[in-house]
Amino acid sequence: MSGENISPPWREQELSLQAVKEKYSDLSPFIILKIDVQRRGAKITRRALDAINPEKDAAFYRGINLESKGVIPYGFLLRDGTSVLCTIEDEAETSFKRFREPYTIDLVNGRPALTDQGEFIDEIYYLPNPHFTNKVTTRGTPMWHVLMSRPQRMDINLYQTCDFWKLAGMNCKYCVAGTTFNSTKGEKAEIVNLDDVEEAVVEALKQPGRYRSVFFCSGSMLGGAEPQDDEVNLYIEMLQRVGKYFRDKKVMSQIVATAFTEKQLRRLHNETMLCGYTADLEVLNEEVFNWVCPGKAKYIGYQGWKERLFKAAEIFGPGSVSTGVVSGVEMVEPQGFKSEEEALEKCLAEAEDLAKHGVTVSQQIYHLEQGSVFQHKKTATLDYLTAFAKGIDQISRRYNLECLCDDYRTCGNHPSGDLARIWQGGKECR
Ligand code: SF4
């Protein structure tokens, strides 16, 4: 398998972290480091794990694509406050070999730090533990099972698997939702208990000043009176339940969901407090999308997905609708782009078309996860991913699109969105 034969060749063939920082000297070096860590992942040493204080550091999590196995962080902050959410594995437990070896989280002078090949890269700071972590609901469910916490956001994953994983060959090829769900051997419910969620949200809100947004995500649900109605109904019920705790819509709310019909979008808009809607197109090219996301292609289609995003932007307003892309997956062999230049040109042209219709693109970084169809594939170069981030940022500026529901303040996961931190007022900058 190609992925078994990991480095050193890629280090010799591609621009290094330092070289990319120098090439893109107009971008924050912290964001470039974040891209590299997200692309390669991280492993954590035993001594670094032993130094984690689970009373203070966030170390337990459960979501669609992730499940903590013991005390282990699911992200960290860099010195400038950039948040890095990435796959972190226990060095002693993992045997997964990927195309590029991960960074290491270790202790340097007694402090957690990123290292690479034994070299110090930078200090890191674990995400702060939310106060509700050790609480259980009246049903006895640990609250962290139904509510994750970023520094500023509540994350609630409602449907913890995906219908595309139940249909042979239909799941997105980089995804591990089905593998993650199956690994819990029935311990994890397909749909979280909504009473548990409501209780956890109430408890979380007792921590003063922590949250500026609440976020819901689910795997795709295809069923219902009309296709996807089950998913829409689930969101509406949950949003109505928690909406009463957020008076006057003074908190950002977002769902990351399937691309819904106009009727379904209007229901979400009219019947709930929802401010922001995201439906992930994943790949900004129809041919590669059809290969990478066969379920989405079959049930909605690339053009259909785009049309629904355009309609969503009409309903929720420009800048309130975004689409996530798994940046770099468009380069996967054999059906991805053959050159980085062509990929950038075509994908950014698609991003521009989305921007013209009021839809922003949120860049997620393609990385390798054990249990995905693509687990042994090659990931994209840091140079390419940085150019992609810059291209998305420039488009957002040209169209004066600032996606408040999915930006560095509310989400913090997307390098392209991080670049908006230095916002210069729209069209004229850069
Ligand atoms: S829609 Fe695709 S990426 Fe999302 S959970 Fe389902 S298979 Fe995974």
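Residues numbered from 1 in each chain as written. Predicted model: local features only at pLDDT ≥ 70, side-chain atom pairs only at ≥ 80, totals over all residues. Heavy atoms only, no water.

The name an unreviewed UniProt entry gives the chain is Radical SAM core domain-containing protein, with Leadbettera azotonutricia as the organism.

## Some thoughts on the packing of helix α6 (residues 194-204) against helix α7 (residues 229-243)
How two helices sit against one another is set out by the angle between their axes and by the gap between those axes. This is how the line gets drawn: Every axis in this analysis is a line fitted to C-alpha atoms, fitted for helices over the stretch in contact. Angles between the N-to-C directions lie between 0 and 180 degrees. Helix and strand assignments follow DSSP, with helices taken as H or I runs no shorter than four residues and strands as E runs no shorter than two, numbered in order from the N terminus. A clockwise turn of the near helix away from the far one marks a right-handed crossing, whereas an anticlockwise turn of less than a right angle marks a left-handed crossing. Here, two residues are considered to be in contact whenever any of their heavy atoms come within 4.5 Å of each other. For this classification, the nonpolar set comprises Ala, Val, Leu, Ile, Met, Phe, Trp, Tyr, Cys and Pro, the charged set comprises Asp, Glu, Lys and Arg, and every other residue, Gly included, is treated as polar.
The geometry of α6 relative to α7 is characterised by a closest axis approach of 10 Å and an angle of 35 degrees between their N-to-C directions. Like other packed secondary-structure pairs, α6 and α7 cross with a definite hand, here right-handed. In this structure, α6 contributes Leu194, Asp195, Val197, Glu198 and Val201 to the contact, and α7 contributes Leu234, Glu237, Met238, Arg241 and Val242. For the contact of α6 with α7, a count of residues per class yields six nonpolar, no polar and four charged.

## Regarding the packing of helix α11 (residues 302-316) against helix α12 (residues 340-356)
One can describe the packing of α11 onto α12 by two numbers: an axis separation of 9 Å at closest approach and a directional angle of 35 degrees. On α12, the residues that touch Tyr302, Lys306, Leu309 and Phe310 of α11 are Glu350, Asp353 and Leu354.

## Focus on the sheet that holds strand β2 (residues 75-77)
Note: strands within a sheet are paired through backbone hydrogen bonds, in either parallel or antiparallel orientation. We apply this condition: Between any two strands, pairing holds if DSSP finds at least two bridges.
Strand order in the open sheet formed by three strands is β3-β2-β8, with antiparallel pairing between adjacent strands. Since the sheet does not close on itself, it has two edges, and those belong to β3 (83-85) and β8 (125-126), each with one partner. By the bridge criterion, two bridges tie β2 to β8 in an arrangement that is antiparallel. The residue of β8 that forms the bridge with Leu77 is Tyr125.

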